[in-house]
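Inside the fold
So the chains spell out like this:
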Amino acid sequence: MVEASVAVKVKGGDSSSIKDLKKVIFLLKTKRTLDFAYGFMFAFLCFTIFLAFNPNINIITNNNSSHSSHSSSFTNIFTTSSSSLRSHFSSLLNYIFPTNNNTTTTPRSPISLNTTKAPLFTPTKTKHKTEEDGVVIYDEGLVKTLMNCDFFDGNWIRDDSYPLYKPGSCSFTDEQFNCIINGRPDNDYQKFKWKPKGCTLPRIDGEASYSFIFKDYNCTIEFFVSPFLVQEWEMSDKNGTKKETLRLDLVGKSSDLYKTADIIIFNTGHWWTHDKTSKGRDYYQEGSHVYDELDVLEAFRKALTTWARWVDANVKPEKSWVFFRGYSASHFSGGQWNSGGACDHETTPIKNDKYLRPYPSKMLTLERIFRNMKTHISYLNVTRLTDYRKDSHPSIYGKKKLSEQEKKSPALYQDCSHWCLPGVPDTWNEILYAELLIRQYQKEHQSDGGQTKP
C-alpha cells in the first residue's frame, strides 16, 4: 500500500490575484511508482466529492486530438426519488472553494478526457437536504447522527447496488488493481459495503471518469509519495560505498510544499514491514549516527515523533484540517509477499471476529503519539475494517500478461496487500466524506457551542 501525503490547497475565490484559469494539479514525486494508483485514486475520488457539489462546472472533453470545452450544470448528479435533492452540504464546497462569478476561464489540456452521463454520486434514501431560493438547507439530524457514530466499529454487509462504479471504467486505475479486467472470475467481493453499527455512511457513486477545469475556484490538489513520512537517505560507508539509510530525525523533503494546505491526509504503514525496515540492521540513522541494529517498532516511534513535532510546529490548525489514514491489513497465507504467500482461494470476507488478527502494535504506537500532539488529528482507522476483507486483494489477478517466469508458477506471485478496484478503498473515501461533513458542521456551529466529534 502506498504511503503518502495528500494535500488540498484553496485560496480565496474573491481575491484579485486569482488567475483566469483555475486548475487541478496532480503532483507525483517518487522513485517508486508501483504503488502510485492507490494514492492517486484516493486523492482523485476525495476531491471529486467536493467538486461534484458545485452546480456549474466546466468539463473538457476530447474528440481524438482536438480539445473542446463546454459548461455543464450537474443538475442531476444526485439521483434520488426527489428531483429537488442535490448534494449533501453544498456549503462545504462553498467554504472550501469560495466563488467569484465574474471570473472567466480559458481551458487547457486536461488530465483525462473521458466523460459519461452517468451520475457520480447517489445519497442514501434519507432526505439530507432541500434547496429554497438557492439557499441550501441541510438536515442537521443526519450530521448529528454521524457525529455520534464510530465509523470504524461495524461490519461488511452485502449490498447488490455495489460496486460504486463499473470495473475498468476508471482511467486512473492501474493495471495491477483492475482485477476483473485481468481475468478474476468472481465478483461477489465487490458486493459489500461497510455498515457502522451506529449510522449509515453517505453513499458515493463514481460511475464516470471526468476531467475538470475549475471555473471560479483557485484550487490545487497534490499527491506526495513519502513511504515513511521521514527522509530516505544515502551516505558513504568507511570504504566510500554509498548505502541507503532512513533518517528518523528528518521529515520528508516535500513537507514544506503542503504545510499550508487546507486539508492534509497522511498515511504510512506497509513499508515498515519490508525486510530492510523490519530487520533494522545498519539502516536507521539519526544525525550522523547509523544504528547497527534498531527494533522496527522503536524506529517507527522515532519517525512518527519527528513527523508529529513537524506538524505541531508547521501546520496551523485554524487553517488546515489534518487526517491520518491508518494501516490496512494484508492477508498472505503460507508465506509473505516474497516467499509464496497466497490469497487467491479467498472469495468471502471474514465473518467471525475471532479470526481477526491482533491490532498492530505500530498503530498503538501511532495513537499514543496522537495523544501527545497539540494539533488535532482525525484518525481514519481502517485497520480493523480491512482485516475482514481477505477476499478483496488482487492475488494472481494483478496482470493481464504474465512474464515467462510468472507463467510457470503464477500462484507464487500474488498480491495480498493491495486491493482490487472497485473495492475496499472506496469505503475509505465514504468515511472521509462523512468526516468532512462533520468538520464543516462543527465550523459553522463553533460560535454557538456546537458539539465536537472526538
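Residues numbered from 1 in each chain as written. Predicted model: local features only at pLDDT ≥ 70, side-chain atom pairs only at ≥ 80, totals over all residues. Heavy atoms only, no water.

With that settled, consider the overall build of the chain. In terms of regular secondary structure, the chain is built from ten helices and 16 strands. Counting the 454 residues in the chain, one finds 55% classified as buried. Of all intrachain contacts in the chain linking residues separated by at least 6 positions in sequence, the fraction that spans at least 24 positions is 81%. When the accessible surface of the chain is summed, it comes to about 21100 Å², and 48% of that surface belongs to carbon and sulfur atoms. (Helix = DSSP H or I, 4+ residues; strand = E, 2+ residues; numbered from the N terminus. Buried < 20%, exposed > 50% of the residue type's maximum accessible area, 1.4 Å probe, protein only. Contact = heavy atoms within 4.5 Å. Areas by Shrake-Rupley, 256 points an atom, 1.4 Å probe, with all protein chains shown as cover.)

So, on to the state of the cysteines. Inspection of the entire model under this criterion finds three disulfides. Between the sulfur atoms of C179 and its disulfide mate C420 the distance is 2.0 Å. The chirality of the disulfide connecting C179 with C420 is left-handed, given an S-S dihedral of about -95 degrees. With C179 in the loop between β6 (154-158) and β7 (192-196) and C420 in the loop between α9 (404-408) and α10 (424-444), this residue pair connects regions lying 241 residues apart in the sequence. You'll find C179 and C420 in the same group, each marked buried. When the cysteines of the chain that form disulfides are numbered from the N-terminus onward, they connect as 1-3, 2-6, 4-5. (Disulfide = S-S within 2.5 Å.)

If you look at the biggest cluster of nonpolar residues, it comprises 37 residues, and the most contacted ones within it are F266, W272, Y284, L304, W307 and F324. Mapped onto this core, the elements with two or more residues apiece are β11 (242-251), β12 (263-267), α6 (296-314), β15 (321-325) and α7 (361-371). Looking at which element gives the most residues to this core, the answer is α6, with nine residues. Counting residues in hydrophobic clusters, the runner-up holds 34 residues, among them I263, I265, L380 and L432. (Core = buried A, V, L, I, M, F, W, Y, C linked by side-chain atoms within 4.5 Å.)

Here four strands make up an open sheet; going across it, the order is β10-β11-β13-β14 and the pairing mixed. Looking at the sheet topology across the chains shown, the edges are occupied by β10 (230-236) and β14 (289-290). Inspection of the sheet shows strand β13 (residues 284-286) paired to β14 by two bridges, in the antiparallel sense. By the bridge assignment, Q285 is partnered in β14 with V290. Sitting on the sheet, α6 is in contact with β10, β11 and β13, with an inclination near 50 degrees to β11. (Pairing = 2+ DSSP bridges. Axes fitted to C-alpha atoms, helices over the stretch in contact; angles between N-to-C directions.)

Right, let's get into the pattern of salt bridges. Counting across every chain of the model gives 16 salt bridges. Note that E244 and K276 form a salt bridge whose closest N and O atoms lie 3.2 Å from each other. Placement of E244 in strand β11 and of K276 in helix α5 (residues 275-279) is noted, with a sequence separation of 32 residues between them. A residue is classified by how much of its surface remains accessible, and E244, at 44% relative accessible area, is partly exposed. (Salt bridge = Lys/Arg side-chain N within 4 Å of Asp/Glu carboxyl O.)

Further remarks concern the packing of aromatic side chains. One pass over the structure, following the stated rule, counts 16 aromatic pairs. Each member of the aromatic cluster is reached from another via a ring pair, and the members are F224, Y258, F266, W307, W310, F324, F370 and Y379. Taking the ring centre of Y189 as reference, the NZ or CZ of R184 above it sits at 3.9 Å. Sitting above the plane of the Y162 ring, R203 keeps its charged end 4.5 Å from the centroid. (Phe/Tyr/Trp six-rings, centres within 6.5 Å; stacked < 30°, edge-to-face > 60°. Lys NZ or Arg CZ within 6 Å of the ring centre and 35° of its normal.)

Next up on the list: α6. Taking 1.5 Å per residue, 19 residues should reach 27 Å; α6 reaches 27 Å between its end C-alpha atoms and fits that length. At the N-terminal end of α6, a side-chain oxygen is found 3.0 Å from the backbone nitrogen of L297, two or three residues along, and the residue is D295. (Expected span 1.5 Å × (residues − 1). Polar contact = N/O pair within 3.5 Å; in protein donor to acceptor, adjacent residues only side chain to side chain.)

With that out of the way, let us pick up the packing of α6 against α7. Each packed pair of helices is defined by two parameters, the angle between the axes and the distance between the axes. Contact pair α6 / α7: the axes reach a minimum separation of 10 Å and the direction vectors enclose 30 degrees. Taken together, the axis directions place α6 and α7 in an arrangement best described as roughly parallel. The chirality of how α6 crosses α7 is right-handed. Together, V296, L297, F300, R301, L304, T305, W307 and A308 of α6 and S361, K362, M363, T365, L366, I369 and F370 of α7 make up the contact between the two elements. Counted by class, the contact of α6 with α7 contains ten nonpolar, three polar and two charged residues. (Parallel < 35°, antiparallel > 145°, perpendicular 65-115°, else oblique. Left-handed = near helix turned anticlockwise from the far one by under 90°. Nonpolar A, V, L, I, M, F, W, Y, C, P; charged D, E, K, R; others polar.)

Checked against the element boundaries, K195 lands in strand β7. Accessibility expressed as a relative area gives 24% for K195, which makes it partly exposed. Each C-alpha atom of the pair K195 and I157 lies 6.6 Å from the other, and the pair is 38 residues apart in sequence. At 2.8 Å, the side chain of K195 and the backbone oxygen of C199 are in polar contact.

This paragraph deals with the pairing of β11. Summarising the sheet, β10 and β11 pair through seven bridges and their orientation is antiparallel. For M235, the partnering residue across the bridge sits in β11 and is K243. Where β11 meets β13, two bridges bridge the pair, whose relative direction is parallel. In the strand pairing of β13, R247 is matched with Q285.

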